[in-house]
Structure formats: structure tokens, C-alpha cells
Amino acid sequence: MSQDELLEGVTSADYKYGFSSEIESDTLPPGLNEGVIRAISAKKNEPEWLTDWRLEAFRLWSLMEEPTWANVTYKKPDYQAISYYSAAKKKQITSLDEVDPELLKTFEKLGISLDEQKRLSGVAMDIVVDSVSVATTFKKTLAEKGIIFCSISDAVQEHPALIKKYLGTIVPRTDNYFAALNSAVFTDGSFCYIPKGVRCPMELSTYFRINQAGTGQFERTLLIADEGSYVSYLEGCTAPQRDENQLHAAVVELIAMEGAEIKYSTVQNWYPGDAQGKGGVFNFVTKRGLCERKAKISWTQVETGSAVTWKYPSCILKGDDSIGEFYSVAVTNHYQQADTGTKMIHLGKRTKSTIVSKGICAGHSQGSYRGLVKIGPRAENARNHSQCDSLLMGSGCGSHTFPYIEIQNKTAQVEHEATTSKIGEDQIFYCNQRGIPAEAAIALIVNGYCKDVLNQLPMEFAVEAQKLLAISLEGSVG
Amino acid sequence: MLLSIQNLHAGLEDGTPLLNGIDLRVNAGEVHAIMGPNGSGKSTLANVIAGREEYRVTQGDIVFKEQSLLALTPEERAHLGVFLSFQYPVEIPGVSVSNFIKTAINEHRKARGEEPMDAAALLKMMREKLNLLEMDKSFLSRSLNEGFSGGEKKRNEIFQMAMLQPALAILDETDSGLDIDALRIVAQGVNALKSKENAVVVITHYQRLLDYIVPDFVHVLLHGKIVKSGGKELALELEDRGYDWIKKENAGA
């Protein structure tokens, strides 16, 4: 069967549900080579420079080795067994009765509406029509302010100058193995541009959650906040997301121009594998932001999902008086492994960074904090404060801290605090005695422990994240 | 009869015996004091009644409101109205006093099949009880017991007791670590909460607290057994003569 026939078949089969554009509903056969990359680029009707950019990324990637320095062990994916362009990856289901009852139970605990449950489980339904109209309303509000918010593919068509100018400037193709791979094959993702002096009037979450139920395997996000603007961006979803794709390698690039502020919050709850450690997503993400003078980037992440997480949202504090923040909660249970942290690169004068990392390990899981604080030679009077705490539940898990500090300017003030604690039987009994059962007690204690991070999340997200923490740790204290 | 302890034997999981046949009956409206030297089993008794897992009951029964407690979890006992004021209250960082007590109250209500308490009513009640214990309302937003002085921890225990209104309050060495002013305030709080429907068991090493919380009965615990019971005058006698004469009296037994 030719590729066109294949394409035709899938397109017409999918089309009857009426919610995929024809571009997204075809599939390439597994494998990665120049031909595949040219095909992806051609299907997306990309300009020649972008095709060449992808091909160069592929060439670079071919020369690179998969990194092994992280404190995680996993079987390397077979990169030739993956289909790099596929929209029909999800089995089409028509009612909630076909959805895993465990998943439905979790939805219920999170208080997710029936319609949203269907959407998240991938049930084909007419709600899509509604969300399109909701999305359109949002789009109109944003357009009035001159805010661009669209898929990265649309941006390539409609705002090619911006893409050409900024794509890969913060995370270059050579940055690392997974970033190179993503640069070669990305197909999904978001683009956002906030014009000078504009304060984005809404969390860019609501839209996102409606529009991006099935986020891509190789997502690419580019967010530009022009001078003096502000945006709060929410990525992900508290509901558990089943996904057939084992490997996720996303790249996120943020640019905060002079005086701009970007608040980027993530809740990551990909399938973590089962209680025996089978299955689950590999989440290998590169996230980085650049701060010009007096700009501020704040990363907040709640990581509870994925079998293996490799993720270091970072800030390059290039401009004088710029500020970088990183607030993280990383929960691992069962056989999950997470190696996560941040890099704060201080280049400008009087730059400030704050790191608050809270790791929670239960079951047989391994959690690592890995962070770099670098003060460059020009960075007079730079300051950093890092607080890295770990909470262990039970004796089968492990928690590790790998702080790296490089200081090239003697005026720097760098502080690092770290604690490791256990949820004590004493704490649980104290709660029990006040009538609070063990599961609720753990939720209370864990939420207290994570308070400094959860406080950074927008309100509605914070409430869901609290519930999510409790669910992730269910059954972890016997 | 609110609480009836019958021939209670209990010890550690490894078999070490700590309580060797306790008999104790407490009626609603009564105040009992349990005294005894260090290591006599006072705190063990309090923890066994509350259902702490590290202790095993090997014989006997604890009956509360006509129901055996032995098969119940600590939280079920709490829901029935058993309250333990801890000798060493634990710290829970990041959890405010108000959030903690709200969670506790709502878990009690849930167990009774009631809706969570209205936020305004809860706040009003918290303010009232704070006043009773001469505590500032800024206290509510502090992390539970974190950085609290000894006196603040004990006051916080009695504050929670006031909020939960238990049928049986066991005060485990509530006087330890308290200066005289804090002792007076804590005792005042306990006395204000006393009624015909509830009972208080005060566990103490010293007689001092009993000047403020006057017991109807005093029991002396030695080697995991109540060896002497009497009225409040027994406490004074112990203050005067120490525990040695009781130890001698029981040496042959």
C-alpha cells in the first residue's frame, strides 16, 4: 500500500467522528530517517528552512549518545520502532464503559465532570463541538489584546518570522540527545506571543486543557513575552493520562524580554506504570527560559506521573536584575524513578534565583534532585537560595540530592539548605487520635510539606494538585 | 459507666509486659488521677486506651460506652469520644492549627454521617476556645506545634480538646514543661470543659496539677497495676511521702 493510500484510509475512517483535521489523521510507518523527516515537514507544509533545520537536527542526533548520567535505569527505547507521525494512535472508544475502571475511580476522586472524563479517556463524543466554541471565545478575547496563542504548526504557517527568529535559540538542537530528537521530529505543541506591555487576562490553562487533550509525543512549545508583558501558562492536567506512547521528549522554550514575567506551571501525571513497575511513560523533557533585563521566569511543577522522569526546567538570567524561580514537587511511588531539578545560570548583575524542591518517595521508587547554580564572572552581587527537601515513606525507596554550584564571582551569595525526613508513625498516630484516618493524615502531612510549592500554583490547579498528591500516595503506608 | 477497664494486660510486640491487670471504672462527671513513679505504665495505659499500634493487648478488655474498644482503630475510638492530650505532641510542618482542627472536626462529623462544619461557625467556635485558653488568634495560622514552646504545645492540646468536646479526655503529663501561669490557664480550660456528660483522666507524676484540677479519685500505678486507690487526699500523701512506702507495701505481693 502506498503512503497516500494509507493516508487516505486512515483519514476517511477517522473523519466520521469529525474532530480531526485531515492533516493530523494519517500515520507514517515506524522508523526514523531523512525520508521520514522530509515527509513530516512536507505534510505540515513547512518552509524549506524548517525542513533543513529538522534535517540538521537529525544529523546531529545521529552523532549523539543517549545520556546515562541521570540516576535512573530503564531499557532504552528502540527509536526505529516508533512511528514519528501518527494521529490514529489512540484506540477509538465510544462509551465510558470501555474505559479502565481504575481510571474512572481516579477521575471521581479528583471530581472531574462526566464530560471531561469522556474527553480525557478519548471517548469520541459531541462535547468536542462545545469545546471548539469555548475555544473560539477564548481566542477572540486573546486576539483583542494582540495575543497569539496557537499550535506550533499553525504558527509556522501564520507567523513564520517569529518562529524563524526564536525557534531553537534557547534550547539549541545540539543541547542534548532528546532535544535534538525533538527538533528533528516535533509535530505537536503550542506557540504563544504576548505583545509589549500586555498582561494576559487569563491563565492560558483553560484553553489548553480544552484544546490539547492528547498532547503529543514530541511536543514543542515556544512562548515569547515581549517587553513588560505578563503571562501565566498552565501545562498538563491533573487527570491521569493513559498513553500508548512510551517515550515523551518535549522541548519548551521561554523568552522573557525586558521587564516581562512568565509564570509556567506544570502538572505532570502521565501513566506511571503499574504497582509492579510494568509499563509507564518515559518523560525526557528539556525546558529552559531566557530572562532579559528585569525579567522574571517562574517554573512551578508538580510531577506525579511517568515511570521515568528526566527534567530540569532552567533559567538563563542574562539581563541585569532578572529573577529565576523554580518550585517543584516530585512524587514517586511503586517503581517510579525521577531525576529532576533545575539550572539557574546567573549572567547579569544582581540576578536572583530561588529554588524550592520537595521530593516525596514511597514504595520502591527512586527520587533525585539535581540542580546547578552557576554564577558567571560578570554577575556582580548575584544571589541564590536553594531549599531541597525529601520526604521518605517506608524503607524501600531512595532519595538523592546532587547539587552543583559553580561560582566565578566573589560577590555572589549562594545558600543551599537540604533536609530529609520521614512521615513518622508518631505523626500518623497523632492524626488518628484526632479522628483523622491514615490516608487522610498522609494527605494532610504531604500537603503541608509541599505548601510552599502548591501556593505558587493558580488556585483551581492547586486544589486539584492537592487531591492528586493524595491519590498518588494511596496505599503507600500500610 | 463511661469507661470500664477489666483485668487489662498489655505489652510490646516482642512480648515485654507493661500492664499487668488494670481495673478501672470511670463514670461520666468524674475526674480521676492516675499517679505513679516513672516507668510504672501510666503513659502506656493512656496509649493503649487510645489504640496505639505498638502495644498488644494480651488479656482483658476496655469497654467504652458499652462497647469494647479493642477491635477499633484509633480514629474510630476518637470518633466515639476518646481524646488523648499527648505528653509530647508532634510537629506537622506546613499544616496550620486551623486546618488541622478543621480536618479533625470534619472527620468526626463524617463518621456521624454529618456534613462538614460551616466555615463561619467553625471560625467562631475557634475564637471562643482560644479565648478560654488565653491564646492569640494568630496561633491558628501557625504550623501545628512547629516551633511551639512547651506551654504552647500543651495549650494547643487543650484547645483541640475544647474543639472536639470528647466524652473522655485523658491528659498525659499535661503539666510537664509548664510554668505556673501556663499550668493555671490549662487547668482553667480543662475545668471549664468539665460537665456531667464527660470525664477526665489526669495522668501525672506530681501532685501540683491536682491543686488546679481536683480529682474525685486518685489511683497509684506500680509495675503496670493499680495498687492503691483513694480520694484526693491520697495525692497529698504521695506528695508528702513519695512513692517508696507504696513500693515497700507492695514488695511482698
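Since the model is a prediction, treat every value here as computed from it, not as a measurement.

Trainee: Mind laying out the overall build of chain B, listing which residues take part and the relevant values?
Mentor: The number of helices and strands found in chain B is eight helices and 12 strands. Per-residue burial for chain B yields a buried fraction of 55% across its 253 residues. Considering only intrachain contacts with a sequence separation of at least 6, the fraction spanning at least 24 residues in chain B is 69%. For chain B, the exposed area adds up to about 11300 Å²; of that, 48% sits on carbon and sulfur atoms.

Trainee: Residues and numbers for the sheet that holds strand β16 (residues 383-392) of chain A, please.
Mentor: Within a sheet, each strand pairs with its neighbour through backbone hydrogen bonds, oriented either parallel or antiparallel. Residue and element names in this part refer to chain A. Read across the sheet, seven strands follow the order β4-β7-β9-β12-β14-β16-β18 without closing on themselves; strand pairing throughout is parallel. Across the chains shown, the open sheet's two edge strands, defined by having one partner strand only, are β4 (230-236) and β18 (413-422). Each strand axis lies, on average, 5° off the axis of its neighbour in the sheet, ignoring direction. With eight bridges connecting them, strand β9 (residues 296-303) and strand β12 (residues 323-332) associate as parallel partners. What sits directly across from K296, in β12, is I323.

Trainee: Before we move on, can you summarise the packing of aromatic side chains with the specific residues and values?
Mentor: Residue and element names in this part refer to chain A. Counted by the stated rule, this structure contains 22 aromatic pairs over all chains. Ring pairing ties together the aromatic residues F58, W61, W69, Y74, Y79, Y177, F178, F282, F284, W310 and Y312, which thus form one cluster. If you follow R199 out to its NZ or CZ, it ends over the ring of Y230, 4.1 Å from the centre. When the ring centre of Y430 is taken as reference, the NZ or CZ atom of R434 above it lies at 4.7 Å.

Trainee: Could you give me a rundown of the pairing of strand β11 (residues 217-222) of chain B, with the residues and numbers involved?
Mentor: Residues and elements named next belong to chain B. Of all six residues making up β11, five are buried, and the element is well covered by its neighbours. The sheet contact formed by strand β3 (residues 31-35) and β11 spans four bridges and is parallel. In the strand pairing of β11, I34 is matched with H219. By the bridge criterion, five bridges tie β11 to strand β12 (residues 225-230) in an arrangement that is antiparallel.

Trainee: How would you explain the layout of surface pockets if you had to name every residue and give the values?
Mentor: The method is simple in principle: a probe with the dimensions of a water molecule rolls over the atoms, and the space it marks as empty is what remains. The computed volume of the second largest pocket comes to approximately 1100 Å³. At the level of elements, α12 (438-449), α13 (451-454) and α14 (459-472) of chain A together with β7 (92-96) and α3 (97-111) of chain B are the ones that each hand at least two residues to the lining of the second largest pocket. Here the residues of the lining of the second largest pocket sort into 12 nonpolar, 10 polar and eight charged.

Trainee: Outline the interface of chain B and chain A, supporting the account with residue identities and numerical values.
Mentor: Counting residues at the interface gives 30 residues for chain B and 18 residues for chain A. Of the roughly 2000 Å² buried between chain B and chain A, counting both surfaces, carbon and sulfur atoms make up 65%. Inspection of the chain B/chain A interface yields two salt bridges. Taking the shortest distance from any N to any O, the salt bridge between D426(A) and R52(B) comes out at 2.4 Å. Looking at the side of chain B that touches chain A, the elements that each hand over two or more residues are α1 (42-50), α2 (74-80), β6 (82-85), β7, α3 and α5 (150-164) of chain B. For the side of chain B that touches chain A, the element with the highest residue contribution is α3(B), accounting for six residues. For the side of chain B that touches chain A, the residue count by class is 16 nonpolar, nine polar and five charged.

Trainee: Give me the lowdown on unusual backbone geometry, citing residues and values where you can.
Mentor: All names here are of chain B. For N7, which is not a glycine, the phi torsion comes out positive at approximately 45°. By secondary structure assignment, the location of N7 is in strand β1 (residues 3-12). With a relative accessible area of 32%, N7 lands in the partly exposed category.

Trainee: Go over the environment of T16(B) with me, naming the residues and quoting the values.
Mentor: All names here are of chain B. Of note, T16 is situated in the loop between β1 and β2 (17-26). Distance in space between the C-alpha atoms of T16 and Y55 is 9.7 Å, their sequence separation being 39 residues. Reaching out from T16, the side chain makes a polar contact with the side chain of D14 at a distance of 2.6 Å.

Trainee: Quick one: what's the story with the side chain of T204(B), residue by residue and with numbers?
Mentor: Residue and element names in this part refer to chain B. Secondary-structure assignment places T204 in strand β10 (residues 199-204). When its relative accessible area of 0% is taken as the criterion, T204 is described as buried. A distance of 2.7 Å separates the side chain of T204 from the side chain of D175, its partner in a polar contact. Setting aside residues up to four positions removed in sequence, T204 forms contacts with I34, M35, G36, K42, E173, D175, L210 and Y243.

Trainee: Describe the side chain of E303(A), with residues and values.
Mentor: Residues and elements named next belong to chain A. With respect to the helices and strands, the residue E303 is situated in strand β9. Overall, the relative accessible area of 3% leaves E303 in the buried class. The contacts of E303, once residues within four sequence positions are left out, are T266, Q268, N283, T309, K311, V329, A330 and V331.

The rules behind these values
- Residues numbered from 1 in each chain as written.
- Chains lettered and ligands numbered in written order.
- Predicted model: local features only at pLDDT ≥ 70, side-chain atom pairs only at ≥ 80, totals over all residues.
- Heavy atoms only, no water.
- Helix = DSSP H or I, 4+ residues; strand = E, 2+ residues; numbered from the N terminus.
- Buried < 20%, exposed > 50% of the residue type's maximum accessible area, 1.4 Å probe, protein only.
- Contact = heavy atoms within 4.5 Å.
- Areas by Shrake-Rupley, 256 points an atom, 1.4 Å probe, with all protein chains shown as cover.
- Pairing = 2+ DSSP bridges.
- Axes fitted to C-alpha atoms, helices over the stretch in contact; angles between N-to-C directions.
- Phe/Tyr/Trp six-rings, centres within 6.5 Å; stacked < 30°, edge-to-face > 60°.
- Lys NZ or Arg CZ within 6 Å of the ring centre and 35° of its normal.
- 1 Å grid on protein atoms, 1.4 Å probe; cavity = no way out; pocket = protein on both sides within 12 Å on 5 of 7 lines; lining within 4 Å.
- Points joined across faces, edges and corners; volume = space filled by probe spheres on them.
- Nonpolar A, V, L, I, M, F, W, Y, C, P; charged D, E, K, R; others polar.
- Buried area = accessible area lost by both parts, 1.4 Å probe.
- Salt bridge = Lys/Arg side-chain N within 4 Å of Asp/Glu carboxyl O.
- Polar contact = N/O pair within 3.5 Å; in protein donor to acceptor, adjacent residues only side chain to side chain.

Coordinates in, geometry out; function isn't part of it.
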